[in-house]
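# A structural walkthrough
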Amino acid sequence: MYILVSAPVIGSPQPDGWAQVVTNAQQNVVCAFSVSGVNAQDFGHEVATQLLSATPNSSLELHQFMEHLVSKATAQGCSLQLAAILLLNDKSVLIALNGKILLKRSHKLGQILNANDELQIVEGRYIRNDVYLLSTRETQSFQDQLHQAFLHQPDAESFTTQFMPTVQSLENSALVAISYVDLIERGDEIKKHTPKTSLAHTVKKFFFQQRDVYIRQSNTKHLSRIVIPLLLVVIGVSAIGFFWRGKQRTETMAAQAVIQPAEQKVEEIKKIINDNPIEARKETEDLLNQLDAAKVELKNQPTAQKLVQNEFNTVHDFYQSISGVQQIETLPKFFDLLLAQSGFLASKMDLSDHNLFFLDTGSKKVISLDIDTKQNLLLPTGTFAELKDFTVVGKVMYLLGGGLSKFDLTSTQPAVAARAVEDENKDAVSLRSYTKYIYALNPTKRNIFRYTLQDKDVLSSPSALIRPDQNIDYANVQSFAIDGDIWLGMKNGEIKRLVTGKAQTFQINGLKENLSSAPLLYTNENLDNLYILEPSKNRLLVISKKGDFLKEIKSDTLGTATAVVADEKTHRAFVLSGSLVFEIGL
């Protein structure tokens, strides 16, 4: 039979705030709760008393019990935060109000409940060695630190030892209640949680047992035989304790000599992270290496090594928060284009004025999608023998295929010819735009040709943009983007930037794993950054136009992506994969 054993971390009480963790007499209910209000302490003690004697036998009874407490709190002008677990035979019942419950199973962490102002209850099966973390809403300000401590600390004692100083350092911790809950078999708690008999207790027991003998025998010789060895034991124990305490002080001082400079360094790094993220990451990596080296030097001082390890974990968590690397198992789906048009499989995408546009080169159809309302429309662009790419300028879409065509997005009339088939656009494969210019990439002609928009959206004759002496291998250009400069993504992973017609290699600073395969690029004159999709490595990179690495989002979903666009005003990017459009928060 399994029972619950709790290790609590609670804040300091205040006149209007009180927190506690209570385990009922049957050890099958644990509740971490806090009460705020004028009568917080009195009502808190009343809640604790009722929890101690609680004996719910079902999910319904637990819910009714907690509803009763909430109603009573409201009647007394108090607010209640709680997170609780009930063990019933082969299942656990979890309930929360303004609280959170996490489950750690086989070194994996999952959030079971995150309730706000309404009681939420769930139930499920438990297995041996499950560990739960119950917490009130007041832990929200240090949730990341709490999650990391729960995930990485191996037992309740380590968790509470690490986390108690955090809670005590809060200006007001009165509503903080946290419980590290072990699920163990009855009987095991004696072995796991009962303190071993101390040497002092053994000495005391020995003394009184021998004293009884002395009283019964009334023999002074016996007294000397007892007292002298006992005094020697006491002196020995005192000497050992004195030595141990001195050793602990020495090790703590050795650890502090490492920890204090590390803490100061982290504060310095925090001041430069916004202006110089590359340098901040490098300095944090150096600090982690220094802490690693310190752990090796302290290998014969276990207490000092443990304290330095805790600091290492804290710095490592900080590094994770500034590293820019984000792993997303499955990207959130934004829209399925099959809902707009059966059989539609897009390979091209663009963004203009809160509208996404998609091209299916196989069916030669274009769909528009409003990103705010998700209203979609199959555009009446007309019939094309081939349709390779498109670009949008204001309210006009320009289409590449059989020459250049244009389509008025405010009209229902089909596209009309803008330029007939000519050498400059006949073998062009991609189309982009910048202000009043349209650009066509033509690998066969080994150049990018520029058309100028004239009155009434008429296109001028094309002009070659890149000088022949730039020696660009156009057959290996995978993608290109325009923001005044021209950006080329090469199949070998290289990115070239053409400034006033001169090609320059673009160097990315601070990226751990360099580009090595064909990248898909996106930027324009309204964006601060360059967005690089590398499907072969399942990642999207956000790079400043100076070349500084800002963010890397990794997801298996990106392995089949064919296009990316970004909206920096709403801090999100959209990725296209066949008929599916995925959204990524930036």
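Scroll up a little and you will see the structure.
The rules we used
Residues numbered from 1 in each chain as written. Predicted model: local features only at pLDDT ≥ 70, side-chain atom pairs only at ≥ 80, totals over all residues. Heavy atoms only, no water. Pairing = 2+ DSSP bridges. Helix = DSSP H or I, 4+ residues; strand = E, 2+ residues; numbered from the N terminus. Expected span 1.5 Å × (residues − 1). Buried < 20%, exposed > 50% of the residue type's maximum accessible area, 1.4 Å probe, protein only. Arc of directions from axis to C-beta. Core = buried A, V, L, I, M, F, W, Y, C linked by side-chain atoms within 4.5 Å. Contact = heavy atoms within 4.5 Å. Phe/Tyr/Trp six-rings, centres within 6.5 Å; stacked < 30°, edge-to-face > 60°. Lys NZ or Arg CZ within 6 Å of the ring centre and 35° of its normal. Axes fitted to C-alpha atoms, helices over the stretch in contact; angles between N-to-C directions. Parallel < 35°, antiparallel > 145°, perpendicular 65-115°, else oblique. Left-handed = near helix turned anticlockwise from the far one by under 90°. Nonpolar A, V, L, I, M, F, W, Y, C, P; charged D, E, K, R; others polar.

## Quick look at the sheet that holds strand 23 (residues 447-452)
Here four strands make up an open sheet; going across it, the order is 21-22-23-24 and the pairing antiparallel. Sheet topology places strand 21 (430-434) and strand 24 (463-464) at the edges, where each strand pairs with a single neighbour.

## Focus: helix 9 (residues 302-322)
Its 21 residues give helix 9 an end-to-end C-alpha distance of 30 Å, which sits within 8% of 30 Å, the value for a rise of 1.5 Å per residue. Of all the residues in helix 9, the buried ones are Ala304, Val308, Glu311, Phe312, Val315, Phe318, Tyr319 and Ile322. Looking down the long axis of helix 9, one finds its buried residues gathered within 120° of arc, a one-sided arrangement. Seen from the buried face of helix 9, the exposed residues on the opposite side, beyond 90 degrees, are Pro302 and Ser321. The first or second residue beyond helix 9 is Gly324, which carries a positive phi of 85°.

## A look at the nonpolar core
Formed by 35 residues in total, the largest nonpolar core has its most connected members in Leu337, Leu356, Phe358 and Leu540. With residues up to four places along the chain from it excluded, the contact list for Leu337 reads Phe344, Ala346, Phe358, Ile367, Leu576, Gly578, Ser579 and Val581. Counting residues in hydrophobic clusters, the runner-up holds 26 residues, among them Leu51, Ala84, Leu88 and Ile95.

## Notes on the packing of aromatic side chains
For the structure shown, the criterion picks out 10 aromatic pairs. Between Phe142 and Phe163, the ring centres sit 5.5 Å apart and the planes meet at 50°, which makes this aromatic pair tilted. You can see Phe142 sitting in the loop between strand 9 (131-136) and helix 3 (143-152) and its partner Phe163 sitting in helix 4 (residues 156-168), a full 21 residues away along the chain. In this structure, Phe142 and Phe163 share a single accessibility class: buried. Across the ring face of Phe334, the terminal group of Lys374 is positioned such that the distance to the ring centre comes to 4.4 Å. For Arg450, the ring lying beneath its charged end belongs to Tyr437, and the centroid distance is 4.6 Å.

## So, unusual backbone geometry
In this structure, His107 is a non-glycine residue whose phi angle is positive, near 65°. In this structure, His107 sits in the loop between strand 6 (99-105) and strand 7 (108-115). Under the relative-accessibility criterion, His107 is labelled exposed at 75%.

## Overview of the packing of helix 1 (residues 40-52) against helix 2 (residues 59-75)
Running from N to C, helix 1 and helix 2 point in directions that differ by 165°, and their axes come no closer than 11 Å. The orientation of helix 1 relative to helix 2 falls into the category roughly antiparallel. Crossing geometry of helix 1 relative to helix 2 is assigned as right-handed. For the pair helix 1 and helix 2, the contacting residues are Phe43, Glu46, Val47, Gln50 and Leu51 in the first and Phe65, Met66, His68, Leu69, Lys72 and Ala73 in the second. For the contact of helix 1 with helix 2, the residue count by class is seven nonpolar, two polar and two charged.

## Description of the sheet that holds strand 33 (residues 563-567)
The strand order across the open sheet formed by four strands is 12-35-34-33, and the pairing between neighbours is antiparallel. The open sheet has two edge strands with one neighbour each: strand 12 (333-336) and strand 33. Mean inter-strand twist for the sheet, computed between neighbouring axes without regard to direction, equals 20°. Sheet topology places strand 34 (residues 572-577) next to strand 35 (residues 580-585); six bridges connect them, and they run antiparallel.

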